[in-house]
Each structure stands twice: as C-alpha cells, then as structure tokens.
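Close look at the chain arrangement
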Amino acid sequence: MLLRVLRAGRIPASFVLVSALLLGVGLLVQASPTTTSLSSSPNPSVYGQIVTFTITVAGVQTPSGTVLLKEGATTLGSRNLAVEGATTVDIDVSTLAVGTHSITAEYSGDVGNGYDPSSTATPLDQTVDKRATSTTVTVDVSSPTTPWYVNQQVTFAVQVSDDSAVGDGALSFDGGANLVTWTVTLPGGSTSTLYGTVDSTGAGTVDYTPPTPSDSLLTPQDFSIAAHYEGNGAYAASSPDGSRGFTVNKRTTTTTVSGDTSGVVNETLTLNVQVADDQAGTGTSPSFDGSATVTWSSTGSGVFGTGSNVCIVDSTGQCSITYTPSAVGTGTHVITAQYAGNDAYAG
C-alpha cells in the first residue's frame, strides 16, 4: 500500500472525490431549468383559416422532449423536439370555432438528458372572427322577360359570396340563421319586406309581385330590391348588400266595341265596349275598379247618351252608351271608344 502524506490544510479535490466514491456517498445532479413561450399568426383569424402557433422552449441545448398545444384539457397538437431537430416548432390549427380561445403550450421535459419540464406558457388569447360576406342580386332565369307589369310575379335571385378569401373555401352557408331579408323600395320611398333562405352554396330566390301603382300619372314606375344575408355560425352578415332596380309598367289594354251596327236617323242605338287585359293569364288581372272612363266619338253626326259621350266601366271593364244618328250626314258613322286607363291599366 502506498501512503501519501499531505501537509495540513490542503486536501486535493481528487482525494475528496475518490474518498466519496469509496465511502459510497451519492452526488445530486440537477436538471437544467427550461421556459416555454407561445405566439400565433394571424391573430385575429377568421373561421376556417389556418392559424400557426409557434412554441419555443428555452434552456434546451440538444432538442428532446415533447411540446403540447392545448385549449383547456383538449390537446390541439404536439411536436417531438428530437424528431423536429429544433427547439422552436410550429403547429397549424384550422378547427377553432368563432370566438376567443385561451391557448397554452406545455413542455414535457427530458430528465434523461437533463431538462426539467417547463411551467405552462402564459396563455395566449386567439380571436376567431366570422367570415365576411356580400350579396349579389339578379333576376332569376325562371322570371318572364321584361317589360314587367302590375300583378306580374318576378323571381329574384341572390348569391352570397365568401369575401374572406382565406382558409377553407368549402364552408357551408347552411345552419344557424341562414336567412335573407329582402327589402323592396316602392315609388315614393315606402318599403316592403320579404324573407328567404340560401342553400349550402349561398344561393337563394324570392318571389315578388309588384302592387298596383299608387298614382295613375306615374307610369312606368321604378322599384328597387336589396338582399341582406343575416349570417350564421361561420359567416357574418353581408356588407355590402346587393341591390338592383326594376321597372313596373301598367298593364296594357284592348277595347272592343259591339252593339247595334245599323239604324235610321233619330233612332237610338245601343253601343257596348269591353276593355280587356292584354296580360291576362300573367298573374292576377287587377280590377277595372269602376272608375275609369271610356270616351266615345263618331265620324258622323249624332248624339251620345243624354248629352255626354262618356261612360264609366265596371270592375270587369264593360260599359254601354246610347247613340242617336242625326238627319245631317247620313251614311256610315265610324264609332270609336277610347279607354282612359286607371292605376293598374294603361289607356
């Protein structure tokens, strides 16, 4: 045995270490502390858009261990740092619902390589907005061609567009309040409201029948119609709203005269007129309302009625008048009946 004598007060570190090993004393090796940070882009995002969450673990020299991206108890994604070969990793998420989400990141640590688990990263608030929309209004292909008339149904079409242009373009417009509010502005500024829906592609239609104009002096009359999409869980209400103008005409008419076709001087004849709706069968024919007049004239000499050459049509468009030829200008008398029109019918 070799004995080494040392001077008092000087004990080499190698001797302490060897002594510790010989005596069976354990040494405590502490793992390196780590910290975890979290960021995202874009923030805010829109529904269906991919959000990239970036997690960085500081204090790790050789990448190892696992990071978790979480919302509450739900794991949104994970990455193995050893597999990624980096201490900063990205996790893409596109499934977040509309609203604000508190997102956290956790690092598992790797005791075998001397890395402590991190405390959870400071929560990040990720805001997810609804997707922007707009509407376009057209005349549906099922509608009759112009001109359009009073009481004639017209079908308008709306197309709701996804204006976000990011993320998943195959989202459905169905679900929730997939309602479209249609506003018709009538001549004079009053409005009428209609309601409809759209299908999963954002397409929908509505039927509108223009009412009888309020002023018989205004013909044709200009209307406009606008469509506002109310939105659903994924899509915001439309802005701007699509609209288009359209013109409504009075229905045209034809007058037919019948009755006595021959007579003698000073003999009273009876003449009849029928005013017909030229657009009959297109929607419901409005009433002739019993107020519009027919003015009679003759190329010969004679007297209509009891001194007036005017009769008033009934609701079916009919009226009659008498005519008495005078002694002057015997021969053929050409009788004409001119309908004056009303709010719904042109003369």
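Below you will find a few notes about this structure. (Residues numbered from 1 in each chain as written. Predicted model: local features only at pLDDT ≥ 70, side-chain atom pairs only at ≥ 80, totals over all residues. Heavy atoms only, no water.)

Considering the state of the cysteines
As a reminder, the rule being used: For the purposes of this analysis, a disulfide is any pair of cysteine sulfur atoms at a distance within 2.5 Å. Accessibility here uses a 1.4 Å probe with only protein chains present; expressed as a share of the type maximum, an area under 20% marks a residue as buried, one over 50% as exposed, and anything in between as partly exposed.
The full count for this structure, using the stated rule, is 1 disulfide. What pairs with C311 in a disulfide is C319, and their sulfur atoms sit 2.0 Å apart. An identical accessibility class is assigned to C311 and C319; each is buried.

Brief notes about the packing of aromatic side chains
Here is the rule: Stacked, tilted and edge-to-face are the three classes applied to pairs of Phe, Tyr and Trp rings, where Trp contributes its six-membered ring and a pair requires centres within 6.5 Å; stacked means planes under 30 degrees apart, edge-to-face means over 60, and tilted covers the rest. Going along the chain from the N terminus, every DSSP run of H or I of four or more residues is numbered as a helix, and every run of E of two or more is numbered as a strand.
On inspection of all chains with the given rule, the structure shows 12 aromatic pairs. Each ring, one from F173 and one from Y229, has its centre 5.9 Å from the other, and the planes form 75°; the classification is edge-to-face. One end of the pair, F173, is in the loop between β11 (154-162) and β12 (179-185); the other, Y229, is in strand β15 (residues 221-229), with 56 residues separating them in the sequence. For the pair formed by F173 and Y229, the shared burial category is buried. Within the aromatic cluster, the residues linked to one another by ring pairs are W148, F156, Y208, F223 and F246.

Here we look at the pairing of β11
In regular strands, side chains alternate between the two faces of the sheet. Keep this limit in mind: Two strands qualify as a pair provided DSSP detects at least 2 bridges between them.
Bridge count between strand β9 (residues 133-139) and β11: 7 bridges; the pairing is antiparallel. Of the residues in β11, the one forming a bridge with V137 is V158. Across 6 bridges, the pairing between β11 and strand β14 (residues 203-208) is antiparallel. Along β14, the bridge assignment pairs T155 with D207.

Structural notes on the nonpolar core
Counted only if it meets this: Each nonpolar core is a collection of buried residues, namely Ala, Val, Leu, Ile, Met, Phe, Trp, Tyr and Cys, held together in the definition by side-chain atoms within 4.5 Å.
In this structure, F156, W182, F246, V294 and W296 are the most contacted members of the largest nonpolar core, which totals 42 residues. Counting residues in each nonpolar core, the second largest holds 20 residues, with L38, V67, I91 and A105 among its members.

Some points on the environment of D92
Counted only if it meets this: Note on definitions: a residue-residue contact is assigned when non-hydrogen atoms from the two residues lie within 4.5 Å. Definition of a polar contact: a pair of N or O atoms within 3.5 Å, with one able to donate and the other able to accept a hydrogen when the atoms are protein atoms, and with sequence-neighbouring residues admitted only if both atoms are side-chain atoms.
Topologically, D92 is positioned in strand β6 (residues 88-93). For D92, the residues in contact, after removing those within four places along its chain, are I50, V51 and T52. At a separation of 2.8 Å, a polar atom in the side chain of D92 contacts the side chain of T52.

Focus: the pattern of salt bridges
The criterion, for reference: Salt-bridge detection follows one rule: a side-chain nitrogen of Lys or Arg within 4 Å of a carboxyl oxygen of Asp or Glu.
Across all of its chains, the model carries 4 salt bridges by this definition. A salt bridge links R79 to E84, with the nearest nitrogen and oxygen atoms 3.8 Å apart. Judged by relative accessible area, which is 26%, R79 ranks as partly exposed.

Some details on the sheet that holds β15
Taken in spatial order, the 5 strands of this open sheet run β10-β16-β15-β12-β13, and their pairing is mixed. Sheet topology places β10 (148-149) and β13 (191-197) at the edges, where each strand pairs with a single neighbour. With 7 bridges connecting them, β15 and strand β16 (residues 242-249) associate as antiparallel partners. In the sheet register, S224 faces β16, and the bridge partner there is G245.

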